[in-house]
Each structure stands twice: as C-alpha cells, then as structure tokens.
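Secondary and tertiary structure notes
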Amino acid sequence: MGCTIGIDLGTTNSCMSISEGGNAIVIQTGEGPRVMPSVVAFTPAGDRLVGIVAKRQAITNPKETITSVKRLMGRKYEELNKGIFNVCYEIIPNDKGDAVVRIGDGRTFTPQEISSMILQKMKYRAEEYLGEEVTDVVVTVPAHFNEVQRKATKDACTIAGLNVKRVLNEPTAAALAFTDAVERRKIAVFDFGGGTFDISVLQVVNGIFEVKATTGNTQLGGDDFDALLVDWIMKEFQREKGIDLREDPVAPQRVREAAERAKCELSVALETSINLPFIASGDQGPLHLEMLITRALFEGLIKDLVESTRPLCEQVLKDAGLTHEDLETVVLVGGSTRIPMLRTLVEEAFHQEPVHSVNPDEVVAMGAAIAGSVVSGQRKDLVLLDVTSLTLGVETLGGVMAPIIVKNSPLPIKRSKMFTTAVDNQQIVGIHVLQGERELTEDNRSLARFELVGIRPAPRGIPRIEVAFSIDANGILFVNAKDAVTGKHQELKINPSGGLSDDDVRELIRDARNYREEDRDRTKLIEERNLADQLIYEASKLLNTSKDRLDADSQAELKSALDELRDARDSSDIASIERAKKDLTMVLHTSRNILNMLDTLDDKDDSDGTESLSQKEGMD
Ligand code: AMP
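Right, let's walk through the structure included here. (Residues numbered from 1 in each chain as written. Predicted model: local features only at pLDDT ≥ 70, side-chain atom pairs only at ≥ 80, totals over all residues. Heavy atoms only, no water.)

Of the regular secondary structure elements, the protein holds 13 helices and 27 strands. Taking 2.2 N^0.38 as the reference for a compact globule, 620 residues should give roughly 25 Å; the C-alpha atoms of the protein span a radius of gyration of 32 Å, well beyond that estimate. In terms of principal-axis extent, the alpha carbons of the protein reach across some 130 × 60 × 55 Å. Taking all 620 residues of the protein together, 51% fall into the buried category. The long-range fraction of contacts in the protein, counting pairs at least 24 apart against all pairs at least 6 apart in sequence, stands at 65%. With an accessible surface of roughly 28900 Å², the protein has 49% of that area assigned to carbon and sulfur atoms. A distance of 6 Å separates the average location of the 74 positive side-chain charges in the protein from that of its 99 negative side-chain charges. (Helix = DSSP H or I, 4+ residues; strand = E, 2+ residues; numbered from the N terminus. Rg over C-alpha atoms; globule rule 2.2 N^0.38 Å. Buried < 20%, exposed > 50% of the residue type's maximum accessible area, 1.4 Å probe, protein only. Contact = heavy atoms within 4.5 Å. Areas by Shrake-Rupley, 256 points an atom, 1.4 Å probe, with all protein chains shown as cover. Lys, Arg positive; Asp, Glu negative; His and termini not counted. Charge placed at Lys NZ, Arg CZ, Asp CG, Glu CD.)

The subject of this paragraph is unusual backbone geometry. Comment: phi is negative for the bulk of residues other than glycine, and the bulk of peptide bonds are trans. At S68, a residue that is not glycine, the phi angle is positive and equals roughly 50 degrees. Mapped onto the elements, S68 comes out in the loop between β7 (65-66) and β8 (90-93). Despite not being glycine, H351 has its phi angle at roughly 60 degrees, a positive value. Summarising the element assignment, H351 is placed in the loop between α9 (340-350) and α10 (363-375). Classification of H351 by relative accessible area gives exposed; the value is 55%.

In this section: the site of the ligand. Among the 15 residues in the neighbourhood of the ligand, the closest are listed as G194, E260, K263, S267 and G335. A distance of 2.6 Å is found between a nitrogen atom of the ligand and a side-chain nitrogen or oxygen belonging to S267. In this structure, a nitrogen atom belonging to the ligand sits 3.2 Å away from a side-chain N or O atom of R338. With the chains in place, 87% of the 510 Å² that the ligand exposes on its own is no longer accessible. Listed by contribution, the elements that provide at least two residues to the shell around the ligand are α5 (222-241) and α6 (251-265). Looking at which element gives the most residues to the shell around the ligand, the answer is α6, with 3 residues. Here the residues of the shell around the ligand are counted per class, giving 2 nonpolar, 9 polar and 4 charged. (Near = heavy atom within 4 Å. Polar contact = N/O pair within 3.5 Å; in protein donor to acceptor, adjacent residues only side chain to side chain. Nonpolar A, V, L, I, M, F, W, Y, C, P; charged D, E, K, R; others polar.)

As a further point, take the packing of helix α8 (residues 310-319) against α9. Closest axis-to-axis distance for the α8/α9 pair is 10 Å, and the angle between their directions is 35 degrees. In this structure, the crossing between α8 and α9 has a hand that is right-handed. For the pair α8 and α9, the contacting residues are R310, C313 and L317 in the first and L345, E348, A349 and F350 in the second. Residues belonging to the contact of α8 with α9 are distributed by class as follows: 5 nonpolar, no polar and 2 charged. (Axes fitted to C-alpha atoms, helices over the stretch in contact; angles between N-to-C directions. Left-handed = near helix turned anticlockwise from the far one by under 90°.)

Before going further, it helps to examine the environment of R343. Position of R343 among the secondary structure elements: in helix α9. Linking R343 and F190, residues 153 residues apart in sequence, is a C-alpha distance of 9.7 Å. Aside from chain neighbours lying at most four places away, what touches R343 is L332, T337, R338, P354 and H356.

Let us look at the sheet that holds β8. Spatial ordering of the open sheet is given by β8-β9-β10, a layout of 3 strands whose pairing is antiparallel. At either end of the open sheet lies a strand with only one pairing partner, and these are β8 and β10 (108-109). By the bridge criterion, 2 bridges tie strand β9 (residues 99-102) to β10 in an arrangement that is antiparallel. Bridging from a neighbouring strand, R102 pairs with T108 of β10. (Pairing = 2+ DSSP bridges.)

Spatial strand order, β21-β20-β23-β24: 4 strands in an open sheet with antiparallel pairing. Each of the sheet's edge strands pairs with one partner strand only, and the pair in question is β21 (400-405) and β24 (445-453). Shown here is a sheet whose adjacent strand axes are inclined to one another by a mean of 30 degrees, direction ignored. The sheet contact formed by strand β20 (residues 392-396) and strand β23 (residues 428-435) spans 3 bridges and is antiparallel. By the bridge assignment for β23, L392 is matched with Q435.

Moving on to the environment of P412. With respect to the secondary-structure elements, P412 resides in the loop between β21 and β22 (413-419). A relative accessible area of 57% places P412 in the exposed class. Distance in space between the C-alpha atoms of P412 and I471 is 5.5 Å, their sequence separation being 59 residues.

Moving on, we get to the pattern of salt bridges. This model, assessed by the stated rule, comprises 28 salt bridges. Close ionic contact of R246 with D244 constitutes a salt bridge, the shortest N to O distance being 3.3 Å. Given a relative accessible area of 39%, R246 falls into the partly exposed group. With a relative accessible area of 22%, D244 lands in the partly exposed category. Measuring nitrogen to oxygen at the nearest pair gives 3.4 Å for the salt bridge that ties K559 to D563. (Salt bridge = Lys/Arg side-chain N within 4 Å of Asp/Glu carboxyl O.)

Once that is clear, we can look at the environment of Q534. Along the chain, Q534 falls in helix α11 (residues 502-545). Residue class for Q534 comes out partly exposed when judged on its relative accessible area of 46%. Note: C-alpha distance between Q534 and I404 (130 residues apart in sequence) is 69 Å.

Buried residues of α9: M341, L342, L345, V346, A349 and F350, and no others. Axial view of α9: buried residues confined to an arc of 150 degrees, hence all on one face. (Arc of directions from axis to C-beta.)

We now examine the packing of helix α7 (residues 295-307) against α9. Here α7 crosses α9 at 45 degrees, and the two axes come no closer than 10 Å. Between α7 and α9, the interaxial angle falls into the category oblique. Relative to α9, the crossing made by α7 is right-handed. Between α7 and α9, the contacting residues are R295, E299, I302, K303, V306 and E307 on the first element and P340, M341, L342 and L345 on the second. Each residue belonging to the contact of α7 with α9 can be placed in one class, and the counts come to 6 nonpolar, no polar and 4 charged. (Parallel < 35°, antiparallel > 145°, perpendicular 65-115°, else oblique.)

Right under this line is the structure:
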C-alpha cells in the first residue's frame, strides 16, 4: 500500500511529513529549508515558479507573485476584509462572486488553482523522496474553516492529483504530533500562523483524541502584524521625506520583506534596524530608508490584535466545559507564536507557561502524517474524534436559522428536526442549508439550497417534514428531507454553494495534468539546451585554439556542425537539438582524434629534441 503523506498547507509556509515506523518525519522541500514558502510566481519568460524560488523573485516581480492565497480559499469577495491584504496582486470577484487572484498580465486564478500548484510541487518532492507515486494525503485546515473553505482545500488537492483521505483540523494535528498515545490529558492548542488563528481544547484518553471545543479567526495572522508595521514605516517615511512609497512599483515589496524580517528579529532582540538603500529618489537625489524599530514600538502596533485573542481563549475553555485548572498542557503552534507578547498573553489566559518543545512550523504536518498512518490502517492505537467547528441548520420563516447540529458536536454525527409548511396546500418546500453562529440567515454562510416536492396538500402547519443532517468523519455533510406522511424524500451531499463545481475541478485536473506534461517537456528542453551549450562551448574553443593545426576540411565540417547545433538550440525542438548534438559530438570526436595524432607526432619530434639537448648538456 502506498504511503499517505501529511500536508500542512499554510498561509505563509507549507510543510509535509510522512510516518515511518510510527514516527513522523518531515520531508524536505528540496530547496534547503524544511518548510516551503506558499508562494507561486509567473515570470515574464512564461515560467511558473513555486516555493523559495518564487519568494526570492517577489521584489522584482511583485504583481505576478502570489502569496497568502489561503486567506482567499472558499471566500466570497464581498466578505473579505480587504484592509488586511498585504499583497501586490489584485483580488477581484469572479462571476460567482468568489474572490480570485488577478496578476499583472490580466490572467486570473482561483485560490484553489494556486494552492494546487503548491501541492503539486510538494507531491513531486514526496515522490522523489519516496521513490514511488504518492496519491493519498491528509491535509490540514484551520479548525475554524467552514464547509466552503474545506471543500476549496479538498478541490486544490484533487486538482494536484492527490486523493484526500482526511481533512484534519490543524490544532488536532498538532495535538496528535505532540501527545503520546497512552497519555491521558487535556490540552489547549494555541495556533497563530501567518494568516489564521485557531484555539482548540482536546482531551486525550488512551489514544483517543477528542476535540472538546474549537474557535478562532480565519482572518487574523502574522501577515496582519506585517501590514501594521509596513503601514507605520511608510507613514514615517512620508512624514520625514514627503514621499509616498505606496505609489512605487517595487518599494512596497521591499518594505514588506524588511518589515517581516524586523518582526522576526524583534522576537529575540529588543530593537532592530531597517536599512533599504535607494528606496526612492527625491529632489536631492536617491533616498535611503533607515529606521530603528524597538520591540516596544512593535508591541504598541500589534497590541489590539494580540488582545483580540484573549476572549477566544476564555470562550474555548467555556465551550469545552473546563477551567484553566483542568488543562495539563498548552501547546504553541504557528510561526507567530515566537512573538513574546503572544506568549505572555497565552500564559496569562491559561495561567500556565505554554510548552515550546515542538517546532511550531512542523508540528501540524507531523500530526497530519500520524493521522495518515491512522486512516491507512498502519496505526491502530489512535482514534481521531473531531468536532464540528460551526453550527449547521436550515432557514425557517422570516429568514431565521434553525440550528440542527450545534458547533463542537463530535463527529461523525446525525441529528434531525421536524418542520412544517408555512402556507395552506403547500406542495414544495425549499431547504436552505446554512452554517454559522448568527440568528439570521443573511448573517450566516449559505451552503446549499434544494427542494422537497410532492408534499400532500394540507392546511399549513399540518405536514411533518423531517430534515436530517449527518456528517461523516471527514466532515462531509449529507442532508435528507422527508415528508413523514408520503415518505417522499430528497437527499443531498453538500457541495457548498460558491467555490468550484465538479466540472470546474475536472477541467482543472486536466489542465494540471497537461501542465505536468508541459513541465516535463520544458525541463527536458532546458536540459537539452544546457548540454548543447556545453558542447557548443567545447567545439568553439577547439576551433579557436586549433585553427593553425586542423586542416581546412575538418575546420569547415566542425563549423557547419557547430552552426547547426546553434540553430537547433535556439529552436524549441528537442528532437533537432538531440540530432545536432549527436552530429557535433561525432565531428568533435574526429577533430580531437586528428589533433591527438598531430600531438603524438609533435611529441615524438619534441622528445627527440629534448634528448639530444641533454646529451649535448651532458657532453658539455
Ligand atoms: P506559519 O503560518 O505557521 O508558517 O507562520 C508564519 C508566520 O509566522 C509568518 O507571519 C511569519 O512572519 C511568522 N513568523 C515566523 N517566525 C517568526 C518569528 N521568529 N517571530 C515572529 N513571527 C514569526
């Protein structure tokens, strides 16, 4: 059986892991670091870059470089808080109102497509590492992701050629990686990454992981701290030099990178400086950005956002029916938890020092790999019991939501409720499935609508319509509506409204597959061109250095083969490059043989001369 890999598809970085002999091992992304920047870029030459190479060129290609796309996954354009997006590409609504990315050349991409490019690269790396095809994956999502966001993540995996065995909540994954199967304890997982914040309370008893409660904010993360610092730097520069750097095509990206670096440095130092030479030019010539940033200043900027997590810590304990005294451990997850101010808040909120022994960047992927070994049957000592993160219900008269499955219910679950008709002789009822914590339909997320037809005519309030919701262990929701009198029923697997349709996904899978072929061809072409260049270099050198020694015919033959390869190299035709390479290799070989023969003859002459000289010397 193939291996199931665990992938933490993060806002800023992504990480993958596999379970080997019961232990989770992080698979390197092949570029040095163990995590891969979640960045995709499209170069002017038409190449698609993913990961560290994409991140590196962001400064010179900001409008074609896509970062933090996770924040757009499964989201409507209208519901985004645009202020928090610290990016150079455009975010626009598509014809369904979903938020999509538009890059500088006008092309648009759904967040699922961009995420699939990141996942595809991770798949390749895992295959290189394992030496076999990888298809099965456990992918993690913030606990607070709704159905649409989960489906978007699943679709991204499907497009990348991955088969999702389980969509796992990130804090659950973290707890899995952290806790020994035999232990019994209650854990709070405080997960603050680049773009999302989650807080969960889990109970582990003899290998059974049960999420007791979860909450969070999918629109809060380290990116917001960067945005606040960038804003402060820009304003300060404008105040000092009178120039608005936002209007420059390159400067904002440079400031963004410097701000993130400064933020990370301030996690260990009390002050740091930002130096960006030649950031702009004024009347007096080039202007440089030089600023000292203290931790106190930074903390002043982020204080409100950090504080906004405190009530959620209290809420999650309340939802789990616990107090801070019941908790044995508080685990920190996500790169931003290195910020001292956040650590202090966690310590205050839970009245205990959080543990730092796990690497906050890798722990989620490691947990996902362990979950992979559970779903593939390799490990039988663990059971994962997740909970619903948001309340699910249906719309009733007057646009009010009637909850059917309340948040934090353990999965899998089945619940039903009886409803009736609103008008006399009503034969059709519309079922509008909703998700969210608010009372009114309009404030919650619409997941799907369908109709139950053929209800027996009766005065209003008489028919009895049972609406049943069931959610399987993977969080997939099925809704069944049944007329209790006629027995007529209608069932639906929820494909959340918005996002990609099945047809969209199928088309994107085809594109991704084609790209895989194209990718391979492009790599082959690059390799062939490189080999051709090497051969051209050798042949030109030989031609130049042996002009006086090679006969005219050999020179002409070499020159003609060389020109032929040069022409072929500039074409994109792999077959003609290969042919021309073969021809030049043969001519080069013949020329070298001729030169070797000449060398041997020369050596013979030279060696005769040397001997006679020494004899002469000896005679003298
Ligand atoms: P994650 O989503 O878990 O990969 O976390 C990424 C976020 O953590 C980004 O916003 C990073 O800037 C932030 N981060 C990483 N290292 C540090 C650090 N040493 N101090 C502060 N923030 C950090």
